[in-house]
Every structure is written in structure tokens, then in C-alpha cells.
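Understanding the architecture of this molecule
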Amino acid sequence: FHHVFLVTGLITGGLTLGAHTPTLGATLDAFALVFAIATLLRVGSATALTMHSEPEPLPKGYRAMPWHDFFGAFRRGRGGQTLTYMIAFAFASSCAVPFFAVYMLDALGLTYIEFMGLITIGFLTRSLVMPSLGRVQQRFGVDRLLVISALGTLPLPALWLIDDSLWWLAIV
């Protein structure tokens, strides 16, 4: 159900910001409201997470991993290399997000509602594609899937140059 709440949050945030864009003061108030609600929900989520722990004893086939072993896995073994790649990819994507938002909102002049609509479409598409990607990973392996994903991600910014219409951006 967390996907439902995430999409609801995206749509609600877009509508809240979209309804208050005529003046800068109203927009800042809308941002303050959205961030205040998000903060309260994050605190609630963190509180709920603290109520959970690993089962004692660990299930058969599982073992406790001390921190030094966990960080040592980054230097040796395929799992550590794969995790390092995934963290680097996520970090690079996170660094690009602010530029993406500015490009969409300022350069293309999208409204907050249109921008949140694009983000929601992207999230829903990922949710629908993930089971298929899981099957690709099981058949060909995680390394090949990550290479395919990286090669598929590279041309996306260039595709934005073809057309800046909302429909094209939604397809890309």
C-alpha cells in the first residue's frame, strides 16, 4: 500500500502547490505546508520503524553481519561491487534531480501539477515494469540488468531535446 500513499502524496503536493502559484508568498506558504506535513509523516514512519527489529533467533540460513564485515564486502566480492554501483547510480540520480526540476519548471514552464503528473507517471511506470525487470534479472543476472539499465538511462536527456511537449516528456 505504500505505493498508493506515495502517489497520493505526489498528487496532493502538486495540487497544493499548483493551487497557490499566483504569488510568491502563497507559493512559499504552500511549500511550508507540504514540508510540514511531510515532516510529520516522516517522524511517524521513523517511529513505526523503531518498533520493528530482526527476529530472534535469526531464521535458518541467515546470519548476523558485523559492520566491519559489511563494509569489507565493498572491497571484495561481487555483492559489494554491485552494491557500490547501485549506491553510486542512486547518488548521481539524486544529484541530477534538482536540475531536472528546475529545467521542467523554469525552462519548460510546466506547472507544479504538470510536473507532479510527470513524476507520478514515472513512478507508476517503474512500479509496473519492476516485475518484468525481476524476471530479466533472474534469467540474465543482476550485472547484465544494471548494464542494460545504465545504457537505457544515458540517452534520456538527449530525448528531451526532441520535443518539450508534456506528452513527449511523459512517454520518455
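Residues numbered from 1 in each chain as written. Predicted model: local features only at pLDDT ≥ 70, side-chain atom pairs only at ≥ 80, totals over all residues. Heavy atoms only, no water.

Note that T82 resides in helix α4 (residues 78-107). Each residue touching T82, except ones within four places of it in the same chain, is listed here: V142, D143 and L146. (Helix = DSSP H or I, 4+ residues; strand = E, 2+ residues; numbered from the N terminus. Contact = heavy atoms within 4.5 Å.)

This part is about the packing of aromatic side chains. This structure, assessed with the given rule, holds four aromatic pairs. Each ring, one from F100 and one from F115, has its centre 5.9 Å from the other, and the planes form 45 degrees; the classification is tilted. Taken together, the residues span a long stretch of sequence, with F100 in helix α4 and F115 in helix α5 (residues 112-140) at a distance of 15 residues. Taking relative accessible area as the criterion, F100 reaches 23% and is therefore assigned partly exposed. Note on F115: relative accessible area 8%, which makes it buried. (Phe/Tyr/Trp six-rings, centres within 6.5 Å; stacked < 30°, edge-to-face > 60°. Buried < 20%, exposed > 50% of the residue type's maximum accessible area, 1.4 Å probe, protein only.)

A few words now on the environment of L166. Take L166: it is sitting in helix α8 (residues 166-171). Taking the C-alpha atoms as reference points, L166 and F115, 51 residues apart in sequence, are found 9.0 Å from one another. Leaving out residues up to four positions away in the same chain, L166 has contacts with L110, E114 and L118.

Across the chain, the average pLDDT comes to 82, with 94% of residues at or above 70. Of all helices and strands in the chain, the one with the weakest mean pLDDT is helix α1 (residues 2-19) (73), whereas α8 scores best (89). (pLDDT = per-residue confidence, 0-100.)

With that out of the way, let us pick up a nonpolar patch on the surface. A contiguous nonpolar patch, built from L128, V129, M130 and L133 and spanning about 370 Å² of accessible area, is present on the exposed surface. Positionally, M130 belongs in helix α5. For M130, a relative accessible area of 47% puts it in the partly exposed group. (Patch = residues over 30% accessible without salt bridge, like charges linked within 9 Å, V, L, I, M, F, W, Y side chains within 5 Å. Areas by Shrake-Rupley, 256 points an atom, 1.4 Å probe, with all protein chains shown as cover. Salt bridge = Lys/Arg side-chain N within 4 Å of Asp/Glu carboxyl O.)

Attention now moves to the nonpolar core. If you look at the biggest cluster of nonpolar residues, it comprises nine residues: L10, A101, M104, L108, L110, F115, M116, L118 and L169. Secondary structure elements with two or more residues in this core: α4 and α5. It is α5 that contributes the most residues to this core, three residues altogether. Apart from residues lying up to four places away in sequence, L10 is in contact with M116, I119 and T120. (Core = buried A, V, L, I, M, F, W, Y, C linked by side-chain atoms within 4.5 Å.)

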